[in-house]
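# Close look at the chain arrangement
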Amino acid sequence: MRPSIRLGRFFGIDIGVHYSWLIIAFLIVFSLASNFELTNPQWPPLVIWSLAVITALLFFASIVVHELAHAAVAIRRGMPVRSITLFALGGVANIEKESTDAKSEFWTAIVGPITSFVIGLVFLGLAHATGWRPGLGTPASPLWAGLVWLGYINIALALFNMIPGYPLDGGRVFRAIAWRITGSHDRATRIAAGVGQFIAASLIVFGLIRFFLGAGFGGLWLAFIGWFLSQAAAASYAELEASAALTGVRVRDVMSEECPSVDGNTNLRTFAEDYLLHSGRRCFVVVENGRQAGLVTVHELKHVDRQRWPFTTVSEIALSFDRIRTVSPDMDVTQALQIMLREDVNQLPVISNGKLAGVISRGHILQFIQTRAELKAA
Ligand SMILES: [Zn+2]
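In this report, we go over the structure that sits alongside the text.

Scoring rules and cut-offs
Residues numbered from 1 in each chain as written. Predicted model: local features only at pLDDT ≥ 70, side-chain atom pairs only at ≥ 80, totals over all residues. Heavy atoms only, no water. Donors = N, O, S within 2.8 Å, 3.2 Å for Na, K, Ca; no water. Tetrahedral: all angles 85-135°; square planar, octahedral: opposite > 155°, others 65-115°. Helix = DSSP H or I, 4+ residues; strand = E, 2+ residues; numbered from the N terminus. Buried < 20%, exposed > 50% of the residue type's maximum accessible area, 1.4 Å probe, protein only. Pairing = 2+ DSSP bridges. Contact = heavy atoms within 4.5 Å. Axes fitted to C-alpha atoms, helices over the stretch in contact; angles between N-to-C directions. Salt bridge = Lys/Arg side-chain N within 4 Å of Asp/Glu carboxyl O. Phe/Tyr/Trp six-rings, centres within 6.5 Å; stacked < 30°, edge-to-face > 60°. Core = buried A, V, L, I, M, F, W, Y, C linked by side-chain atoms within 4.5 Å.

Around the zinc ion, the protein contributes the donor atoms His66 (NE2), His70 (NE2), Asp169 (OD) and Asp169 (OD), which lie 2.0 to 2.7 Å from the metal centre. What the 4 donor atoms of the zinc ion show is an angle range of 53 to 151 degrees at the metal, which sorts the shape as irregular. Within one chain, the residues donating to the zinc ion are spaced in sequence as H-x3-H-x98-D. One end of the pair, His66, is in helix α2 (residues 45–76); the other, Asp169, is in helix α5 (residues 169–182), and 103 residues separate them in sequence. The same class applies to His66 as to Asp169, namely buried.

One open sheet accounts for 4 strands, arranged β5-β6-β7-β8; its pairing is mixed. Edge positions in the sheet fall to β5 (261–263) and β8 (319–320), since each of these pairs with one other strand and no more. Sheet strands in contact with helix α9 (residues 268–279) are β5, β6 (283–288) and β7 (291–297), and its direction is about 140 degrees off that of β6.

Taken as a whole and assessed by the stated rule, the structure comprises 5 salt bridges. In this structure, Asp14 engages Arg6 in a salt bridge whose closest nitrogen and oxygen atoms are separated by 3.4 Å. Residue classification places Asp14 among the buried residues on the basis of a relative accessible area of 16%. For Arg6, a relative accessible area of 52% translates into the label exposed. Taking the shortest distance from any N to any O, the salt bridge between Asp14 and Arg9 comes out at 3.0 Å.

Time to look at the packing of aromatic side chains. Under the defined criterion, the tally for this structure stands at 11 aromatic pairs. Seen in terms of ring centroids, Phe59 and Trp149 are 5.5 Å apart; in terms of plane orientation they differ by 75 degrees. Their pairing is edge-to-face. Of this pair, Phe59 sits in helix α2 while Trp149 is found in helix α4 (residues 142–161), placing the two residues 90 residues apart along the sequence. Looking at Phe59, the relative accessible area reads 7%, which means it is buried. Accessibility expressed as a relative area gives 22% for Trp149, which makes it partly exposed.

Attention shifts here to the pairing of β7. In terms of burial, β7 is largely enclosed, as 5 of its 7 residues are buried. Sheet analysis places β6 next to β7, joined by 6 bridges and oriented antiparallel. By the bridge assignment, Glu288 is partnered in β7 with Arg291. Where β6 folds back on β7, the antiparallel hairpin that results is connected by 2 residues, among which Asn289 adopts a positive phi of roughly 50 degrees.

Looking now at the nonpolar core. With 40 residues, the main nonpolar core has Trp21, Phe36, Phe60, Ile84 and Leu86 as its most contacted residues. Mapped by element, the contributors of at least two residues to this core are β2 (13–17), α1 (19–39), α2, β3 (81–87), α3 (102–129) and α4. The biggest single contributor to this core is α2, with 11 residues. Here Phe36 is in contact with Pro41, Trp43, Ile48, Leu51, Ala52, Thr55 and Ala145, once residues within four sequence places are set aside.

This part takes up the sheet that holds β2. By way of backbone hydrogen bonds, the strands of a sheet pair with one another, either parallel or antiparallel. Spatially, β1-β2-β3-β4 is the arrangement adopted by the 4 strands of the open sheet, whose pairing is mixed. The open sheet has two free edges, formed respectively by β1 (5–10) and β4 (90–95), since each of these has just one partner strand. In this sheet, neighbouring strand axes are inclined to one another by 20 degrees on average, regardless of whether the strands run parallel or antiparallel. Against the sheet, α1 engages β1, β2 and β3, with an angle of about 40 degrees to β3. Across the sheet, α2 touches β1, β2, β3 and β4, and the angle it forms with β3 is around 155 degrees.

Bringing the pairing of β2 into the picture now. Burial analysis of β2 places 5 of its 5 residues in the buried class, the great majority of the element. With burial as the criterion, each face of β2 is covered, one bearing Ile13, Ile15 and Val17 and the other bearing Asp14 and Gly16. Pairing of β1 with β2 involves 5 bridges; the strand directions are antiparallel. Residue pairing in the sheet places Arg9 in a bridge with Asp14 of β2. Joining the antiparallel neighbours β1 and β2 is a turn of 2 residues, in which Phe11 adopts a positive phi near 50 degrees. Direction of pairing for β2 relative to β3: parallel, over a ladder of 4 bridges. Pairing of Asp14 across the sheet is with Ser83, part of β3.

Worth remembering: the numbers are spatial, not functional.
What follows is the structure, encoded as structure tokens:
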């Protein structure tokens with residue numbers, strides 16, 4: 001997941017939030033405030049609200065530190081990390097490569113929960129140092145209330161993340177262990193995805209039972225997390241099946257060689273009406289002075305105001321080959337797919353000996369997998 005809003009750069013890693021995070025940020029501030037109001041009604045609203053905001057910010061900072069811990073180990077083990085994104089259900093470090101060995105997977109995963117656990121102990125330690133004791137009941141001062149909540153929530157986060165449901169950290173740790181024992185990454189992923197599905201289903205059932213027994217929102221929340229986990233486990237399983245279907249397949253096997261071309265001087269209205277609509281294709285090679293200069297797709301066209309179409313040429317909006325990512329015909333398809341996902345593009349030009357050999361798109365790859373699956377089923 002890529003950040004929608006960038007907050008800044010830290011050790012060369014982009015840190016940002018996804019839009020879905022905003023909802024959860026508000027929910028947490030509101031629930032903290034109502035919680036403080038309930039336990040300490042004598043506090044003035046200004047104290048309650050500023051405490052809620054500061055506590056929530058420190059909580060999100062704790063999640064970023066958790067993700068930075070994953071990132072630090074990943075980078076040390078040769079897996080580059082591009083960004084860290086906070087979203088509705090927590091944080092995610094976008095590691096560019098899968099681990100190549102069980103040991104790297106194990107340490108990259110387990111360092112997160114360990115970090116959260118330590119952060120929790122530090123907050124509780126700070127509360128303790130200022131005189132708070134666990135037996136005292138409801139923390140009486142705003143400082144204690146904030147520190148104690150942060151302490152327990154981080155420890156809860158560490159425990160929750162250690163549930164062995166892939167793709168939670170615990171599921172990755174579990175997969176690393178299964179990988180070590182079976183010696184096969186694919187088998188370990190299948191086992192971990194299966195266990196993940198089982199745990200997800202149990203959470204849903206347990207959450208719904210609690211909900212019907214009167215636990216209310218807490219029960220539903222648990223069921224929702226179960227549902228999210230089951231989706232994630234199914235997705236990682238499908239990803240595995242897809243990459244198994246693509247083993248040994250090269251870009252040249254999947255790419256489309258016939259690439260319709262368009263002259264660079266064509267204006268966008270003509271391009272849209274005579275080329276795109278007419279052919280139903282989404283991607284064209286731009287030719288300037290008889291030379292293939294770049295690519296143009298529906299995507300670039302959409303960025304130009306419709307009224308300017310007659311006065312803008314295809315060359316002006318084309319993606320020049322010097323500036324975009326290209327792939328070679330001999331590259332593995334899975335690698336090309338990873339590049340598309342990372343760069344968030346739908347197609348890549350295939351260049352061989354400095355000349356355009358074709359175009360590979362997500363659609364081509366999907367079609368390839370479907371054809372293979374149908375042949376297998378027949
Ligand atoms: Zn984690």
